[in-house]
Amino acid sequence: ALGNTTVTVASGATLGGSGSIAGATTVNGILAAGNSPGVLSFTGNLTLGSGSTSLFEINGLTRGTEYDGVNVGGALAYGGSIDLVFGAPVAAGTYDLFGGSFTSQSGDFSSVSIDGSVSAPVFTVGTGWSLVSGGWQYDFVNATGDLTITSAIPEPSAFAAFAGLAGLGLAGLRRRRRA
């Protein structure tokens, strides 16, 4: 644990590992929570600068042992980019990336990278972001710090309903042509 001191992570530097930091922290470099993976806690404020990268390893659905987490006890200011690195196949679920009981949140990420490939999410100012990549829908909510991953491929029943409607349309078209 790092005492109640102000911490600033310079551009090009990395703050990583598990444990807790009591003072206000500003990250201008890389925030890499956990020890492949793990949880890093901030009891004070956490500010992610515009040039920062928040790096999360995701290898399963269990926070702290299969994916990285960041706990914040003070104000949380999002900024910079977020980089999601999957060491296992992507799995549907909710990932509590930024948790704790942060007192407020502000700002936004400016870019999203999944496994090193920069993606083009739809950002909603002050709310979060959404994107579809590799057959998966990714939704991040700023207010909760949660990433929800769902399949972007419609369920088989949706395909069946669509195919049935298309079939009815073709049958109707053929009947009109014969008449």
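Residues numbered from 1 in each chain as written. Predicted model: local features only at pLDDT ≥ 70, side-chain atom pairs only at ≥ 80, totals over all residues. Heavy atoms only, no water.

Draft legend 1. The pairing of strand β20 (residues 146–151), seen in detail. In this structure, strand β12 (residues 93–96) lies alongside β20, joined through four bridges in antiparallel fashion. Looking at β20, one finds that D96 is bridged to D146. Here strand β19 (residues 136–141) pairs with β20 via six bridges, running antiparallel. What sits directly across from Q137, in β20, is T150. Counting the residues in the hairpin turn of β19 and β20 gives four residues, including G145, whose phi is positive at 75°. (Pairing = 2+ DSSP bridges. Helix = DSSP H or I, 4+ residues; strand = E, 2+ residues; numbered from the N terminus.)

Draft legend 2. The packing of aromatic side chains, seen in detail. Counted according to the given criterion, the structure contains 10 aromatic pairs. Look at F98 and F140: their rings are 6.3 Å apart centre to centre, the planes differ by 80°, and that puts the pair in the edge-to-face class. A residue pair is termed long-range when its members are at least 10 positions apart, and F98 in strand β13 (residues 98–100) and F140 in strand β19 qualify at 42 residues. The exposure class of F140 is buried, given its relative accessible area of 3%. An aromatic cluster is defined as three or more aromatic residues linked by ring pairs; in this entry it consists of F56, Y78, F98, F109, W129 and F140. (Phe/Tyr/Trp six-rings, centres within 6.5 Å; stacked < 30°, edge-to-face > 60°. Buried < 20%, exposed > 50% of the residue type's maximum accessible area, 1.4 Å probe, protein only.)

Draft legend 3. Expanded view of the confidence of the model for the protein. Summary statistics for the protein give a mean pLDDT of 88 and a share of 84% for residues scoring 70 or more. Confidence drops under pLDDT 50 across residues 158–163; counting only partners more than four residues distant or on other chains, this segment forms two contacts. A low-confidence stretch, residues 168–173 stays under pLDDT 50, and its non-local contacts, those more than four residues away or across chains, total zero contacts. (pLDDT = per-residue confidence, 0-100. Contact = heavy atoms within 4.5 Å.)

Draft legend 4. Summary view of the side chain of N71. Mapped onto the elements, N71 comes out in strand β9 (residues 69–72). There is a polar contact of 2.9 Å between the side chain of N71 and the side chain of R63. Polar contacts involving the side chain of N71 include one to the main-chain amide nitrogen of G100, which spans 3.5 Å. Sequence-distant contacts of N71, that is, excluding residues within four places in its chain, are made with V39, L40, S41, F42, R63, G99 and G100. (Polar contact = N/O pair within 3.5 Å; in protein donor to acceptor, adjacent residues only side chain to side chain.)

Draft legend 5. View of the sheet that holds strand β11 (residues 81–86). Reading across from one edge, β2-β5-β8-β11-β15-β16 is the order of the six strands in this open sheet, with mixed pairing throughout. Both outer strands of the open sheet, β2 (14–17) and β16 (117–119), are each paired with one neighbouring strand and no more. Adjacent strand axes in the sheet meet at a mean angle of 20°, parallel and antiparallel pairs treated alike. Inspection of the sheet shows β11 paired to strand β15 (residues 111–114) by four bridges, in the parallel sense. Each bridged residue has a counterpart across the sheet, and for I82 the counterpart in β15 is V112. (Axes fitted to C-alpha atoms, helices over the stretch in contact; angles between N-to-C directions.)

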